[in-house]
Amino acid sequence: MDDRVLDLTEAQKTVKSKYPPINKKYEYLDHTADVQIHSWGGSLEEAFEQCAMGMFGYMTDTETVEPTDTVEVESEGEDMESLLFHFLDDWLYKFSADLFFIPREIKVLHIDRMRFKIRSIGWGEEFSLEKHPQGTEVKAITYSAMQIHDKEKPEIFAIIDI
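Definitions and limits used
- Residues numbered from 1 in each chain as written.
- Predicted model: local features only at pLDDT ≥ 70, side-chain atom pairs only at ≥ 80, totals over all residues.
- Heavy atoms only, no water.
- UniProt positions renumbered as here; feature names shortened; annotations may be inferred.
- Phe/Tyr/Trp six-rings, centres within 6.5 Å; stacked < 30°, edge-to-face > 60°.
- Helix = DSSP H or I, 4+ residues; strand = E, 2+ residues; numbered from the N terminus.
- Expected span 1.5 Å × (residues − 1).
- Buried < 20%, exposed > 50% of the residue type's maximum accessible area, 1.4 Å probe, protein only.
- Pairing = 2+ DSSP bridges.
- Axes fitted to C-alpha atoms, helices over the stretch in contact; angles between N-to-C directions.
- Contact = heavy atoms within 4.5 Å.

Per an unreviewed UniProt entry, the protein goes by the name Protein archease and belongs to Oreochromis aureus. Listed in UniProt under the heading Subunit (unreviewed entry), the comment for the protein reads: "Component of the tRNA-splicing ligase complex." Check the Function (unreviewed entry) section of the UniProt entry for the protein; it says "Component of the tRNA-splicing ligase complex required to facilitate the enzymatic turnover of catalytic subunit RTCB. Together with DDX1, acts by facilitating the guanylylation of RTCB, a key intermediate step in tRNA ligation."

What follows is the structure, given as structure tokens:
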């Protein structure tokens, strides 16, 4: 988690050692007041997945999450930027207002680039302060400086409000 250090309990260390390490294809870029996530992947789907995991990675160490439950999220927008916004916002809703669900992994099953719809699934569990180290609360997704590059190396830049 960028420069911050989270102290892990023995139980958290046990969970981390129980599963293979997560392949993180995201980083946090400097921003004046919020957090900018830069994610990438071998496909646009993977860049979307990594952007969402970057958001959750700011809230906790996702390697302490056990993939015991499954949640599906379907989102839609009017263009690719609003699709990304709603995708991240719908996942944030699953955490903050609906199920307190924190994923260890998110997989984008399909992006419909013509109708601007996305189907995704996440594996994780209910967030618990006893089990998961507390990072920073994400309040909202923003459109500020949002960029989606669907080229040879797909990458995304998104700012989240903390």
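1. As for the packing of aromatic side chains
For the structure on display, the rule yields 7 aromatic pairs. Cluster of aromatic residues (ring-pair linked, three or more members): Tyr-26, Tyr-28 and Tyr-58.

2. So, helix H2 (residues 44-59)
Here H2 spans 23 Å end to end across 16 residues, near enough to the 22 Å set by a 1.5 Å rise per residue. Burial of H2 is extensive: 15 of the 16 residues sit out of reach of the surface.

3. Considerations on the sheet that holds strand S4 (residues 101-112)
Spatially, the 3 strands line up as an open sheet ordered S3-S5-S4, and their pairing is antiparallel. At either margin of the open sheet sits one strand with a lone partner, and together these are strand S3 (69-76) and S4. Averaged over all neighbouring strand pairs, the angle between strand axes comes to 20 degrees, with direction disregarded. One ladder, built from 8 bridges, connects S3 with strand S5 (residues 117-126); its direction is antiparallel. The residue of S5 that forms the bridge with Ser-75 is Ile-118. Packed onto the sheet, helix H3 (residues 80-98) meets S3, S4 and S5 and runs at close to 150 degrees relative to S3.

4. A word on the pairing of strand S8 (residues 155-161)
The element S8 is largely enclosed, with a buried count of 6 among its 7 residues. Where strand S2 (residues 35-40) and S8 come together, 6 bridges link them in antiparallel fashion. Each residue of the ladder has a partner; that of Gln-36, found in S8, is Ile-159. Alignment of strand S6 (residues 140-141) against S8, held across 2 bridges, turns out to be antiparallel. When the sheet's bridge partners are listed, Ile-141 is paired in S8 with Ile-160. As paired strands, strand S7 (residues 147-149) and S8 are joined by 3 bridges and run antiparallel to one another. The residue bridging His-149 from the neighbouring strand is Glu-155, located in S8.

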